[in-house]
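Fold and geometry: a report
Letter by letter, the chains look like this.
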Amino acid sequence: MEELLNDIQFSWTDLLLISLALVGFYFLLGFLRKIISNTTVLGRSSRTIKDIIATILLIYEPMVLLVVGTVFLLINPLFHGVILLVLLLSTFPYVKNYTSGRIVQFDPAIRLGNRLGTRLYEGVIAETGRLGLRLRNSEGLHFITYSNLLTDGYSLLASEEIGGYYRLRIKAKDSESKIDHELRLRDLMATNPFLDWNHRPELRLVDNEEATFLAKILVKEDSHLSDMVSLIREWGYQCTTAENK
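A quick note: this is a predicted structure, and the numbers were derived from the prediction, not measured.

1. Focus: the sheet that holds strand β7 (residues 202–207)
On the basis of which strands lie adjacent, the open sheet formed by four strands has the order β7-β8-β6-β9 and antiparallel pairing. Among the strands making up the open sheet, the edge pair consists of β7 and β9 (237–242). Taking each pair of neighbouring strands and ignoring which way they run, the sheet shows an average axis angle of 25°. Bridge count between strand β6 (residues 165–172) and β9: six bridges; the pairing is antiparallel. Within the sheet, the bridge partner assigned to K171 lies in β9 and is Q238.

2. Concerning the side chain of K216
By secondary structure assignment, the location of K216 is in strand β8 (residues 212–218). It is E202 that comes nearest to the buried, bridge-free K216 among opposite-charge side chains, at 4.7 Å.

3. Comments concerning the sheet that holds strand β1 (residues 115–117)
The strand order β4-β3-β2-β1-β5 describes an open sheet built from five strands, whose pairing is antiparallel. Every other strand in the sheet has two partners, leaving β4 (140–145) and β5 (155–156) as the edge strands with one partner each.

4. Let's talk about the pairing of β4
With six bridges joining them, strand β3 (residues 132–137) and β4 adopt antiparallel strand pairing. Residue R134 lies in a different strand from β4, and its bridge partner there is F143. Between β3 and β4, which pair antiparallel one after the other, the connecting turn spans two residues.

5. A few points about helix α3 (residues 45–75)
For α3, spanning 31 residues, the distance from its first C-alpha to its last is 44 Å, which sits close to the expected 45 Å at 1.5 Å a residue. Restricting attention to buried positions, one finds in α3 the residues S46, I53, L57, L58, Y60, E61, V64, V71, F72, L74 and I75.

6. With respect to helix α5 (residues 92–104)
Counted at 1.5 Å a residue, the expected span for α5 with its 13 residues is 18 Å, and the 18 Å between its end C-alpha atoms agrees. If you follow the buried residues of α5, they end up packed against α3, β4 and α6 (146–152).

7. Quick look at the nonpolar core
Of all hydrophobic cores here, the largest spans 23 residues; its most connected members are L168, I170, I217, M228 and I232. Contributions of two or more residues to this core are made by β6, α7 (178–189), β7, β8, α8 (224–234) and β9. With five residues, the top contributor of residues to this core is α8. If near-sequence neighbours (up to four positions away) are discounted, L168 is found in contact with F213, L214, A215, I217, L225, M228, V229, I232, C239, T240, T241 and A242. The next biggest cluster of nonpolar side chains, apart from the first, holds nine residues, and it includes V104, L116, L135 and L149.

Scoring rules and cut-offs
- Residues numbered from 1 in each chain as written.
- Predicted model: local features only at pLDDT ≥ 70, side-chain atom pairs only at ≥ 80, totals over all residues.
- Heavy atoms only, no water.
- Pairing = 2+ DSSP bridges.
- Helix = DSSP H or I, 4+ residues; strand = E, 2+ residues; numbered from the N terminus.
- Axes fitted to C-alpha atoms, helices over the stretch in contact; angles between N-to-C directions.
- Buried < 20%, exposed > 50% of the residue type's maximum accessible area, 1.4 Å probe, protein only.
- Lys, Arg positive; Asp, Glu negative; His and termini not counted.
- Salt bridge = Lys/Arg side-chain N within 4 Å of Asp/Glu carboxyl O.
- Expected span 1.5 Å × (residues − 1).
- Contact = heavy atoms within 4.5 Å.
- Core = buried A, V, L, I, M, F, W, Y, C linked by side-chain atoms within 4.5 Å.

As C-alpha cells, this is what we get:
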C-alpha cells in the first residue's frame, strides 16, 4: 500500500488544475440549467432536461469534493491525512447533513412548492439548501436539517395551497405572438408588488396555439393571491389558479 502511494504523486499545481477543471464544469452545468429554465425553445422537454441536469449535479458535487480531497491527501499522505481527519471530526454534523441531503434530494417529493409534513411542521418547501430545507407556513419559515428528515421521516401532503406558493394558468386574449406575451409577462411581474422576490417566479409555455402559460409564484401573503389574479386580469389576460403539483 505504501509503495502504491509513493508511485501516485500529485503536486499543488495538479491540485489547482484539477480543481479548476472540475469546478468549472460544475458551474457550466448550473449555467445550462439556468438557461434552459428561462427558455421556451425546447418546449415541455425543457423541464425534463433541467431535472436531468439537477440529478447530475446532485451526484457530481460530492464527487468533486471526493476527488479534490483525494488529490490533496496524496500530495502528502501523512500530514494531509491528519488535517483531513481533524477537519472531518470538527465538521461531522455538517458532513452528516450534507450527505443526508444528497440522499433526500433524490426524492421527487423534495421540490420547491411541494407541501411537506414532518414530525414538527407542515408547510410548503420554500428553499432547499446543502444542509437542510425551509418550510413556509402561516407561522413563518422553519429550517429542518436533512439528517432530521431521514431520522424523523416526512410525507408529501395533499396539494392544498399553503404558505404563499401558487400555480396560475395565464391565457392571452389577443393575437400577439407567444414570445411577445412571455416577454411582456416577465416585465410586468418584475414590478409586481405582491410577489416575494426571494424566489423568482417561473413561467412556462403550456399551449403554443393559444399562448397559455403556467406560472409558479410565491406571494408575500396568502391574502395577496386574489390581488395577484386581479392584477393579471387587468393586464389583459385570463388568469385562474391551477393545481399545485
